[in-house]
Amino acid sequence: MTKRSISVVFALLIVILGVVAWVMRTPTDNIAVSKSMDPPSAEWLKQGEYVARLSDCVACHSVPDGAPFAGGLKMATPVGNIYSTNITPDKETGIGEYTLTEFSRAVRHGVARDGHRLYPAMPYPSYAKLSDEDVAALYAWFKYAVKPVNQPNKPSDIPWPLNMRWPLAFWNSVFTVNGPWQPKSGQDAQWNRGAYLVEGPGHCGSCHTPRGLAFNEKGLDADSPHFVAGAALDGWYAPSLRGDINTGLARWSEDDLYQFLKTGRNQHGVVFGSMADVFNNSTQYMSDDDLKAIAHYLKSLPAGSNNQPQAWKYDGDSINKLSLPARLSTPGAQTFMARCSNCHGADGRGQAPWIPPLAGATSMLVDQSSAINVTLNGSARVVANGMPDAYRMPPFRKQLSDKEMADVLSFIRSSWGNTGAPVSEKDVHDLRQRTDPASSDVIILQMR
C-alpha cells in the first residue's frame, strides 16, 4: 500500500470516527423557562397536569392495580417485550434526581439521566415538539404533585444482542427531528394549536402513521402524505385521520370529530381497542377549544398515502335481495343474524351513537386486525365523566370457533357495500394466540 493510499484510508477513518462520535453524543437541550420552579405556583402545576393529560402519560406508565406512574406496563415490540418505567419522583427508582434539563432530554430526545437511550415506544419523536413551557410545567407537576413510589423498573425481555441501546443513537439521527414545534405561516391560530396538539403531545402519529422497515414513523407532520394515514400496530388497525374517502375522515364533520373525542362516540363509531384508553385517560379531559382545534386541523388534512380509489356507498340490496334461506345458507350469515344483528341491526347500520354501524366501518373496509380483535376480545369499558358505558362489545372467543369467526367477519366485510378482504381461519387463530380478552371491569387510571 502506498503512502497516498494509507493517507486516504486514515483520513476516511477519521471522518467515520467523527461521524460516529457526533451521532453518539449526548444531545443538548437548552430549555428556558420564565416562571419560578422552586416552588412552582398552583397555576404552573395545573398546566403541568394538563400537559400530562394531553400527552396521556398515565396510560403507559401505570397499570390498573398499581400506583400512578410507577410503570410496569408490558408493551410488545417486534423483538420482544419492554416494560414502561417508573416516572414518579422517587429518588431511587424513579425520576426524583432528574434536573429539568435531564427530564427534558429524556422526554424530547429519548436519553435517560444515566445516558442510556430509550426505546421509541416512548414517543419522543413526537414529544420533541413540546414547547419549553409545557416541558417545564410537566416536570414541575411530576416533581411536586405526583406521589413518589419505590418500585424498581422491570428489564425488557429482548434478548442480547438486540437489547443493546447504542444503535438507537443512529436510529434517532435518521428518524427524529429535534426542536420544539413551530407555527406554520398562512394558517390560523386554531389550526396551529391543533397541529401542535396532534403532532406533539397527543403523539397521534405513534399509532396512526404507517411504519418503515426500521419501525420508524414514515411521516412526523402534515407535510407528509404518510402522517396519520392509518397503520396496523399491536393487533389493531389505527385508521387514517386524514381526508381518505373510506378509511379516513371524509365522511366526518369537525363536529363529529369533536363529539368523538369529547364523548367517545358519534354517529360513525364508538372508541374501542387502544383508542378507548386514549379517550378514558386523555381526550375527554381536554378543553373544548383544544378539541375543536384538533378537529379543525385534522379536517384540513387531504387524503393520504392509504386512500382508496372509490368511495364506499351503502348497498342494502346486497342483503335484502337474498331470500331468507339464501341468507341463512351463506357462510357467516346465520351467525351474524344470531349473534350480531340484535345490536348492530340486520341492515348493518347500528344504533348510533351507542352501537356503531358495521356498514362502512373502517374495520370492515381495510386491514382485518381490529375487526378480528374486537370480535375475539370485546371492547374495554368506555368511562365518560365517571360514568361507565352500559353498551359494551362482548368477547366471542369462547362462543365462536376460528372458522365461525372467520365466516361471520367475511360476511360482514362483504355486505352493505363493504369491500374488506375475506378473513381466514389462520388470521383468527394467530390473533387468538397473542391477544387476551378486554376486561369487563371499570378501569380508571388515577393521576394522583
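A brief report on the enclosed structure follows. Source: prediction; values computed, not measured.

Right, let's get into the overall build of the protein chain. Looking only at helices and strands, the protein chain has 18 helices and 6 strands in total. Its C-alpha atoms give the protein chain a radius of gyration of 24 Å, within 12% of the compact-globule value 22 Å for 448 residues. Its C-alpha atoms give the protein chain principal-axis dimensions of about 85 × 70 × 50 Å. A buried classification covers 48% of the 448 residues belonging to the protein chain. Considering only contacts within the protein chain whose residues lie at least 6 apart along the sequence, 65% involve residues at least 24 apart. Surface summary for the protein chain: the accessible area is close to 22000 Å², and the carbon and sulfur share equals 57%. Side-chain charges in the protein chain split into 42 positive and 42 negative, and the spacing between the mean points of these groups amounts to 3 Å.

On inspection of all chains with the given rule, the structure shows 16 aromatic pairs. The interplanar angle of 80 degrees and the centroid separation of 5.1 Å between the aromatic rings of Phe-69 and Phe-142 together place this pair among those described as edge-to-face. One end of the pair, Phe-69, is in the loop between α3 (57–61) and β1 (74–77); the other, Phe-142, is in helix α6 (residues 132–144), with 73 residues separating them in the sequence. Accessibility classification places Phe-69 together with Phe-142 in one group, the buried group. Among the aromatic side chains, those forming a connected cluster through ring pairs are Phe-69, Phe-103, Tyr-139, Trp-141 and Phe-142. Of note, Arg-211 hangs over the ring of Phe-215, and the distance from its end group to the ring centre comes to 4.8 Å. Taking NZ or CZ as reference, Lys-292 lies 5.5 Å from the ring centre of Tyr-258, over its face.

This next bit is on unusual backbone geometry. For the bond from Trp-160 to Pro-161, the omega torsion is 5 degrees, close enough to zero to count as cis. In this fold, Pro-161 is placed in the loop between α6 and α7 (167–175). Residues Ala-352 and Pro-353 are joined by a peptide bond in cis, for which omega reads 0 degrees. Of note, Pro-353 is situated in the loop between α15 (333–344) and α16 (369–377). One non-glycine residue, Val-228, lies in positive phi territory at about 45 degrees. For Val-228, the position within the fold is in the loop between α9 (205–208) and β3 (231–233). Although it is not a glycine, Asp-234 adopts a positive phi angle of roughly 55 degrees. Position of Asp-234 relative to the elements: it lies in the loop between β3 and β4 (236–238).

What follows is about the environment of Gln-259. Topologically, Gln-259 is positioned in helix α10 (residues 254–263). Beyond its immediate stretch of four places on either side in the chain, Gln-259 contacts Gly-264, Arg-265 and Asn-266.

On to the side chain of Gln-284. When you line up the elements, Gln-284 lands in the loop between α11 (274–281) and α12 (288–300). Among the polar contacts made by the side chain of Gln-284, one reaches the main-chain carbonyl oxygen of Val-383 at a distance of 2.8 Å. Contact partners of Gln-284, with chain neighbours within four places excluded, come to Leu-261, Lys-262, Phe-279, Val-383, Ala-384 and Asn-385.

Calculation criteria
- Residues numbered from 1 in each chain as written.
- Predicted model: local features only at pLDDT ≥ 70, side-chain atom pairs only at ≥ 80, totals over all residues.
- Heavy atoms only, no water.
- Helix = DSSP H or I, 4+ residues; strand = E, 2+ residues; numbered from the N terminus.
- Rg over C-alpha atoms; globule rule 2.2 N^0.38 Å.
- Buried < 20%, exposed > 50% of the residue type's maximum accessible area, 1.4 Å probe, protein only.
- Contact = heavy atoms within 4.5 Å.
- Areas by Shrake-Rupley, 256 points an atom, 1.4 Å probe, with all protein chains shown as cover.
- Lys, Arg positive; Asp, Glu negative; His and termini not counted.
- Charge placed at Lys NZ, Arg CZ, Asp CG, Glu CD.
- Phe/Tyr/Trp six-rings, centres within 6.5 Å; stacked < 30°, edge-to-face > 60°.
- Lys NZ or Arg CZ within 6 Å of the ring centre and 35° of its normal.
- Polar contact = N/O pair within 3.5 Å; in protein donor to acceptor, adjacent residues only side chain to side chain.

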